[in-house]
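# Close look at the chain arrangement
Listed below, chain by chain, are the residues.
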Protein chains: 2
Amino acid sequence: MHQTFDAALEMNLLHANQHGAQANRDRFNRWGITCLNLMSSPGSGKTQLLEKTLHAIQNDFRIAVIEGDMTTQLDAERLRQHGVPVIAINTGRSCHLDSKMVAGGLHQFENEQQPEDFDLVFVENVGNLVCPAEFEVGEHAKVALLSITEGEDKPLKYPIMFREADCLLITKTDLAPYLDVDIEAIVRNVRQLNSKTTIIPVSAKSGEGLGEWFEWVRQVVAARGGGTMADSSQGTLAASAG
Amino acid sequence: MHQTFDAALEMNLLHANQHGAQANRDRFNRWGITCLNLMSSPGSGKTQLLEKTLHAIQNDFRIAVIEGDMTTQLDAERLRQHGVPVIAINTGRSCHLDSKMVAGGLHQFENEQQPEDFDLVFVENVGNLVCPAEFEVGEHAKVALLSITEGEDKPLKYPIMFREADCLLITKTDLAPYLDVDIEAIVRNVRQLNSKTTIIPVSAKSGEGLGEWFEWVRQVVAARGGGTMADSSQGTLAASAG
């Protein structure tokens, strides 16, 4: 969040954003879609994680992606290779997605697809460990990624993200032998801020932890009443009621 | 930068910040101090680079650090071990230092030290590859760090930082054997945005490139008329005139 020299203005901004986020969430609910918001520093591995995830679970769920980047469609193009619809949002100078931008993305989604046919939308946020945590976009759960290359102290130094996360993926664990990093210390630092978040160390390269992550996603969708593709009409009904 | 739903307000914010940055720069100039603003994603190695730099050049220059963090004094405490004054600024929810915060830090610096005795102030900004690039704090040069673990595409995806940088340090090169990363591609991507910036691949662990970085710092200080500690009065006078 930027200081705007005006606390009331900041509260108005956040309040307007929350209002828009709830409107987006209402749309997801009507469509029977679960929305997960992926957030992290640049280069923590969000896109690669999404690639592995799409590959693993797109037989279970009908998936779309909302891809936030300041500029370029590089990540959107990578993800389109996996055969899912990707709505690319370029934020320009903005350091995070906000609910208004995502509302525009949902409008496009509605024009191009049948949203009721989908179970799951991943939002890949702009790479930033600070601001995305404060700007909800209508997600049902927040997923934060922290690469072990970033160091043990980051949860304490950037606490908002780690307080807000429903799931924390500690990524790039395959690099542990080459770093002076203590993964247990990362976990302890996160636990000082958030006793409830699910913490999963993962490596997209070695595959460590990915099964546990896929299972977490499945459970979140199931808990909201979302079904497998074979059972999507029932899932959609149940989710609409939620 | 956050979208505030009001372009005029955004311009006013940036304009007010520029005005404050120039006032800070004027103070640095009066004191004969060169100020370098270090910016990067979280965990790219700013603090470790500063530790190595203080160790290597504090016989040549009288140095102080302005340390920006959302919360904690973890980095400030690390740097104080090296025997230099460190002014810690906690930005709270703000994702970057701005010129007003740094003005407060300079006020504290002036109360606690004799600024005219110093040659060089490093500002370590909040870890964020987006917003710090737009908020000058009064620096004479901008130094960006990009860890090779973040991937080749980051200059294209976060262009503002790479356009603004006077020097780019590509960090953690010791990890290259364990990553699928092409350092030459990083350089090419930066060159699309910025033909003039000095690019130095470095590793704080192996020492690669550090000598070239120290030399870059020495030359920037010398170009502004700053001298060695043995010659500080002359350096101060020359810099004041600059």
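Summary of the structure given here. Predicted model only: the values in this text are computed from it and were never measured. (Residues numbered from 1 in each chain as written. Chains lettered and ligands numbered in written order. Predicted model: local features only at pLDDT ≥ 70, side-chain atom pairs only at ≥ 80, totals over all residues. Heavy atoms only, no water.)

With that settled, the discussion passes to the relation of the copies chain B and chain A. The two copies are related by a screw operation: chain B maps onto chain A through 180° of rotation and 0.0 Å of translation along the axis, at an RMSD of 0.0 Å. Both copies of the chain, as the preceding transformation shows, are related through a two-fold rotation axis. Both copies present the same face, since 100% of the interface residues in chain B are matched by interface residues at the equivalent positions in chain A. (Least-squares fit on C-alpha atoms with pLDDT ≥ 70 in both. Contact = heavy atoms within 4.5 Å.)

With that settled, the discussion passes to the sheet that holds strand β3 (residues 86-90) of chain B. Residue and element names in this part refer to chain B. Strand order across the open sheet formed by 7 strands is β3-β2-β4-β1-β5-β6-β7, with parallel pairing between neighbours. Two strands close off the open sheet at either side, each with one partner strand: β3 and β7 (198-201). Taken over all neighbouring pairs, the strand axes of this sheet differ in orientation by 20° on average, direction set aside. Relative to strand β6 (residues 167-171), strand β5 (residues 141-147) runs parallel, the two sharing 5 bridges. Bridging across to β6, Val 143 finds its partner in Cys 167. (Pairing = 2+ DSSP bridges. Helix = DSSP H or I, 4+ residues; strand = E, 2+ residues; numbered from the N terminus. Axes fitted to C-alpha atoms, helices over the stretch in contact; angles between N-to-C directions.)

What follows deals with the sheet that holds strand β1 (residues 34-39) of chain A. Residues and elements named next belong to chain A. Spatially, β3-β2-β4-β1-β5-β6-β7 is the arrangement adopted by the 7 strands of the open sheet, whose pairing is parallel. Lying at the two open borders of the sheet, with one neighbouring strand each, are β3 (86-90) and β7 (198-201). Across the sheet, the axes of successive neighbouring strands diverge by a mean angle of 20°, strand direction being ignored. Relative to strand β4 (residues 120-124), strand β2 (residues 63-69) runs parallel, the two sharing 5 bridges. Within β4, the position partnered with Ile 63 by the bridge is Leu 120.

Another aspect to go through is the interface of chain B and chain A. Listed per partner, the contact involves 50 residues of chain B and 50 residues of chain A. The interface formed by chain B and chain A includes 8 salt bridges. In this structure, A:Glu134 engages B:Arg93 in a salt bridge whose closest nitrogen and oxygen atoms are separated by 2.8 Å. If you look at where chain B meets chain A, you find 12 residue pairs in polar contact (both at pLDDT 80 or more). (Salt bridge = Lys/Arg side-chain N within 4 Å of Asp/Glu carboxyl O. Polar contact = N/O pair within 3.5 Å; in protein donor to acceptor, adjacent residues only side chain to side chain.)

Within the secondary structure layout, B:Asp153 lies in the loop between β5 and α5 (154-157). Contacts of B:Asp153, omitting those with residues within four sequence positions, involve A:Leu74, A:Asp75, A:Arg78 and B:Asn189.

Counting 50 residues, the largest nonpolar core has A:Ile148, A:Phe162, A:Leu168, B:Phe162 and B:Leu168 as its most contacted members. Elements supplying a minimum of two residues to this core: β5 (141-147), α6 (159-164), β6 (167-171) and α7 (183-193) of chain A together with β5, α6 (159-164), β6 and α7 (183-193) of chain B. Beyond its immediate sequence surroundings of up to four residues, A:Ile148 is in contact with A:Ile170, A:Thr171, A:Lys172, A:Thr173, A:Leu175, A:Ala176, A:Leu179, A:Val181, A:Ile183 and A:Ile186. (Core = buried A, V, L, I, M, F, W, Y, C linked by side-chain atoms within 4.5 Å. Buried < 20%, exposed > 50% of the residue type's maximum accessible area, 1.4 Å probe, protein only.)

One pass over the structure, following the stated rule, counts 26 salt bridges over all chains. Between A:Glu136 and A:Lys142 there is a salt bridge, with its nearest N and O atoms 3.2 Å apart. Both residues of the pair, A:Glu136 and A:Lys142, count as buried. A salt bridge links B:Asp69 to A:Lys157; its shortest N-O distance comes to 3.5 Å.

Let us now look at unusual backbone geometry. Residue and element names in this part refer to chain B. We note that Thr 72 has phi near 70°; this positive angle belongs to a residue other than glycine. Following the sequence through the fold, Thr 72 ends up in the loop between β2 (63-69) and α3 (74-80). Unusually for a residue other than glycine, Lys 172 sits at a positive phi of about 60°. Residue placement: Lys 172 occurs in the loop between β6 and α7. Lys 172 sits in the buried class, given a relative accessible area of 17%.

We now examine the pairing of β7(A). All names here are of chain A. In terms of strand pairing, β6 meets β7 through 4 bridges, oriented parallel. For Ile 170, the partnering residue across the bridge sits in β7 and is Pro 201. This β-α-β element, β6 to α7 to β7, shows right-handed connectivity. (Right-handed = clockwise from strand over helix to strand, strands pointing away.)

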